[in-house]
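A structural walkthrough
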Amino acid sequence: MNRHANLDRRSFLKRVGAAGASAVIASRLPAPDPASAQDATVKADPSARRGGTLRFGVHTAPAHFDVHQSGTVANIGAQSPMYDYLIRRDPRDGQTIIPDLAQRWEISPDGKKYTFHLRRGVKFHDGADFTAEDVKATYERIASPPKGVVIPRTPLFSGVSDIVVLDPYRIEFRLKEARPRPFMLGAFASGWNIIVRKKTLEDNAGNLRQVMAYPGTGPFRHVSRKDKEVWIMEKNPDYWNKGLPYLDRLEVYHMPPFSPELGSALLTGKLDYGRLLDPVSWRKAKETPGMTAAEFPQSVIQAVFINNKKAPLGDPRVRRAMHLALDRHALVDVVKDVAPMLVGGFVYPFHELSTPAAELVSKRLGYQKDTRPAVQEAKKLMAEAGHAGGIKNLTFLVRDAATFKLWSVAIQAMLKETLNIETNLRTVQISQWFEDAAAGNFDLGISAIVSTLMDPSDYFSAWYGKDGPQNYSNWTNPAFHDLASQIEREVDDGRRKTMVRQAEEILEKDPPLLPVSYEKIYDAWHNKVRGQNPSTFFGIYDVVRWDTVWVAS
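The following paragraphs examine the structure supplied in this document. (Residues numbered from 1 in each chain as written. Predicted model: local features only at pLDDT ≥ 70, side-chain atom pairs only at ≥ 80, totals over all residues. Heavy atoms only, no water.)

**Description of the sheet that holds strand β5 (residues 113-118)**
Spatial strand order, β4-β5-β7-β6: 4 strands in an open sheet with antiparallel pairing. Looking at the sheet topology across the chains shown, the edges are occupied by β4 (102-107) and β6 (160-167). Ignoring strand direction, the axes of neighbouring strands in this sheet form an average angle of 20°. Sheet topology places β4 next to β5; 5 bridges connect them, and they run antiparallel. In the strand pairing of β5, I107 is matched with Y114. Sheet strands in contact with helix α5 (residues 132-143) are β5, β6 and β7 (170-175), and its direction is about 170° off that of β6. Sheet contacts for helix α6 (residues 181-189): β4, β5, β6 and β7; angle to β5, the most-contacted strand, approximately 35°. (Pairing = 2+ DSSP bridges. Helix = DSSP H or I, 4+ residues; strand = E, 2+ residues; numbered from the N terminus. Axes fitted to C-alpha atoms, helices over the stretch in contact; angles between N-to-C directions. Contact = heavy atoms within 4.5 Å.)

Encoded structure:
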């Protein structure tokens, strides 16, 4: 991870706040005409070459087509070019929040009203006019999904009490109580929250899982799809942001992440751009003349879940002992040729509210390269819990992927060697893993889970919250839940940082899961691909439209 990318991330919250402030200032000015409204978002570069096709390789095919209900890049990587958002992350840095279908917005002084002024003249791909009714229908579905629909981003909008259409091009979100502005603006700018037609939702009873190409307003529109192989799109000639996109055609190839097949397709020129490359292919691309490689962090934690409903795993001393027994630097090394990872704790190690990664690995037990002090403390905790002789016959549920299979064997050995904890590995396919985990059919289980935002208030609820959708450990800690609720409502950055550090201490002493590592993303492309710099991105879910990308030859 380069130094400049770290500097960009440290300034993330300040820049989001600045974006909100500029919108408030803009709201005091006369309504902009269409040309000046476009000046507030990404403008076409007159030096960019127009035309051509981009061949993009990313992840395997989606299991369904409902972007809102999804949590995988298999959906968003292929479908996002067809859709827009209210506001978006700037594709030039992946972080700054800028206008999109909302050309400007304002936030009330008490932080309880977010008013968005929408662009006029925007058309869906089927020719229908875009209005505030489509925004209302989209966000009411996200905030309060209909029966049978589960949307992972629903908790982001738990503070919203009403969504009010003021007129066809103004919409107001009213909050029960103020939330931190960077959190709320980040929620609206999430790449998952695509705007869809009200009529589309009505025609399909609010469930789009089986609807392959529902109309969007985005820079590309559907042409054809070959299941498990390729999704083809063409330029939207009526796109509201005049001059964009540059490309005539986009071909999205479904390929297994971190796979030699993906790497080979890129290196041999069958693809122009590859995402989720394995480290070996990425290093080859980096060394190949005429190619560029970039790395950036991802909103994913790799973790071992511990079923708190199974004795003796409900004892915090046992869980902390297991937490301290893991050699995380060795675990990162185990998969170094399969997938790129970095050491981290319970909060994103590259986020400004968390304990800095350098401090984590130098001072905190469980993250240091010298594991002897941590192992000594782990043995002491096991003895205090009455398990000095170890624990036998724990079922270890393993998600069927190369990284998890390698890690599970290494973790099995670490637990046995240090604490005499014996586990039996049971490897299952991804869908079966989540089904068994949700049903509690495991003692330990290893997988990865995703957050929407880098802000802790998102995953403190989703990963660690009581009854959180990704709290597979069935963990509860009233002190933590109370503190997380306060963090969610605290608007002062300084006080929030202090509280997040306090929350980290609770998680260290009473672990809801065992952090293994945090994922990095390896991208590479042939140098003819221009108009994108992913090295400053956070994750692969917010900047995926390809509207500013062009091909030089």
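**Observations regarding helix α14 (residues 402-419)**
Between its first and last C-alpha atoms α14 spans 26 Å; for 18 residues at 1.5 Å apiece the expected length is 26 Å, and the two agree. Of the residues one or two after α14, N420 is the one with positive phi, at around 55°. (Expected span 1.5 Å × (residues − 1).)

**Observations concerning the pairing of strand β1 (residues 53-57)**
Two faces, one strand: in a regular strand the side chains alternate between the faces of the sheet. In this sheet, strand β10 (residues 249-253) lies alongside β1 in parallel orientation, the contact comprising 5 bridges. For L54, the partnering residue across the bridge sits in β10 and is L250.

**Digging into the nonpolar core**
Soluble globular proteins: nonpolar side chains tend toward being buried together. Ranked by size, the top nonpolar core spans 115 residues in total, and within it M322, W407, I411, I446, F460, W463 and Y464 carry the most contacts. Per-element tally for this core: the top contributor is strand β12 (residues 291-306), with 8 residues. Discounting chain neighbours no more than four positions away, the residues touching F460 are V347, G465, F480, A484, I487, V500, A503 and L507. Membership of the second largest hydrophobic core comes to 44 residues, among which are A132, V135, I163 and L175. (Core = buried A, V, L, I, M, F, W, Y, C linked by side-chain atoms within 4.5 Å. Buried < 20%, exposed > 50% of the residue type's maximum accessible area, 1.4 Å probe, protein only.)

**Describing the packing of aromatic side chains**
Between two aromatic rings, the relevant description is the distance of the centres plus the angle of the planes. Scanning the model with the defined rule gives 39 aromatic pairs in all. Ring geometry for W475 against F480: centres 5.4 Å apart, planes inclined by 65°, an arrangement best described as edge-to-face. The buried category is assigned to W475, whose relative accessible area is 0%. Members of the aromatic cluster, connected to one another through ring pairs, are F346, Y348, F350, Y459, F460, W463, Y464, W475, F480, Y518 and F538. (Phe/Tyr/Trp six-rings, centres within 6.5 Å; stacked < 30°, edge-to-face > 60°.)

**As for the environment of Y169**
Here Y169 shows up in the loop between β6 and β7. Overall, Y169 belongs to the buried group, its relative accessible area being 19%. Spatially, the C-alpha atom of Y169 lies 35 Å from that of V551, the residues being 382 residues apart in sequence. Not counting residues within four places of it along the chain, the set of residues in contact with Y169 comprises F116, H117, L118, R119, R120, F130, T131 and A132.

**Concerning the environment of D467**
Locating D467 in the fold gives a position in the loop between α16 (456-462) and α17 (478-489). Spatially, the C-alpha atom of D467 lies 27 Å from that of L326, the residues being 141 residues apart in sequence.

**Side note on the packing of helix α10 (residues 316-325) against helix α13 (residues 372-384)**
Two elements in contact, α10 and α13, have axes separated by 8 Å at closest approach and are oriented at 160°. As summarised for this structure, α10 and α13 are arranged roughly antiparallel, according to the angle between their axes. In this structure, the crossing between α10 and α13 has a hand that is left-handed. Here R317, V318, R320, A321, L324 and A325 of α10 come into contact with α13, specifically with A374, V375, E377, A378, L381, M382 and E384. Grouping the constituent residues of the contact of α10 with α13 by class yields 9 nonpolar, no polar and 4 charged. (Parallel < 35°, antiparallel > 145°, perpendicular 65-115°, else oblique. Left-handed = near helix turned anticlockwise from the far one by under 90°. Nonpolar A, V, L, I, M, F, W, Y, C, P; charged D, E, K, R; others polar.)

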